[in-house]
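# Commentary on secondary and tertiary structure
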Amino acid sequence: MLLNSIKTEFAKKAAVLIYCYPKFDLMHVSLIKRSHYKGVHSGQISFPGGKPEIEDQSLNFTALRECSEELGIQIINENLVPLTPLYIPPSNFLVSPFITFDDFHPKFNLDKREVAAHIEIPLSKLMKLQIEKRALDEGPTKGTEVPCFWYQKNLIWGATAMILSEFKSFLATLSSN
């Protein structure tokens with residue numbers, strides 16, 4: 001058995017949603033800054049998402065439910081495109097990312113308990129972002145240099161940066177067809 005499959009066999013499941021929508025005639029993607037709490041991902045930039053609940057029929061449903069709860073929106077397009085699941089060692093999560101697009105700008109009503117800030121990135125700007133190396137400025141790994149994206153004073157690193165990289169490749173494939 002491969003080491004990676006041993007790790008992920010016992011990992012907790014989670015799902016995130018890469019939610020895209022128009023704003024000012026440009027497509028945007030939503031990221032959130034997590035509220036501060038006792039936990040490894042406190043205060044980090046991430047996609048809306050989380051763990052499945054008993055009533056969730058699938059991880060697709062988890063991604064939609066969590067995004068709706070955290071951003072306070074009703075998602076109309078429930079046709080999701082899966083990306084590659086990603087194992088996150090510090091929290092022992094196997095995260096399944098999904099993409100969906102709506103054709104309207106939603107009225108956001110953030111869950112202040114879970115979301116400290118909403119970050120909207122135009123896809124055209126996202127495509128221009130390049131991976132950089134920056135030192136973490138807070139948390140237990142403060143000072144550690146990590147590969148990341150930097151957008152409007154927001155350090156996007158770790159699993160979120162890895163998922164964004166795959167999403168950028170997905171968008172590039174769409175635009176080349």
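So, a few notes on the structure that sits alongside this text. These numbers come from a predicted model, not from an experiment.

Scoring rules and cut-offs
- Residues numbered from 1 in each chain as written.
- Predicted model: local features only at pLDDT ≥ 70, side-chain atom pairs only at ≥ 80, totals over all residues.
- Heavy atoms only, no water.
- Buried < 20%, exposed > 50% of the residue type's maximum accessible area, 1.4 Å probe, protein only.
- Helix = DSSP H or I, 4+ residues; strand = E, 2+ residues; numbered from the N terminus.
- Pairing = 2+ DSSP bridges.
- Polar contact = N/O pair within 3.5 Å; in protein donor to acceptor, adjacent residues only side chain to side chain.

## What to know about the pairing of strand E1 (residues 12–23)
- Judged by how many residues are buried, E1 sits mostly within the fold: 9 of 12 residues are covered.
- Where E1 lies against strand E7 (residues 93–101), 9 bridges are found, and the strand directions are parallel. Following the sheet pairing, Val-16 is matched in E7 by Pro-97.
- Here E1 pairs with strand E4 (residues 49–50) via 2 bridges, running antiparallel.

## With respect to the environment of Glu-120
- You can see Glu-120 is positioned in strand E8 (residues 115–122).
- Within the structure, Glu-120 has its side chain in polar contact with the side chain of Tyr-21 (distance 2.8 Å).
- In terms of polar contacts, Glu-120 uses its side chain to reach the side chain of Lys-23, at 2.7 Å.

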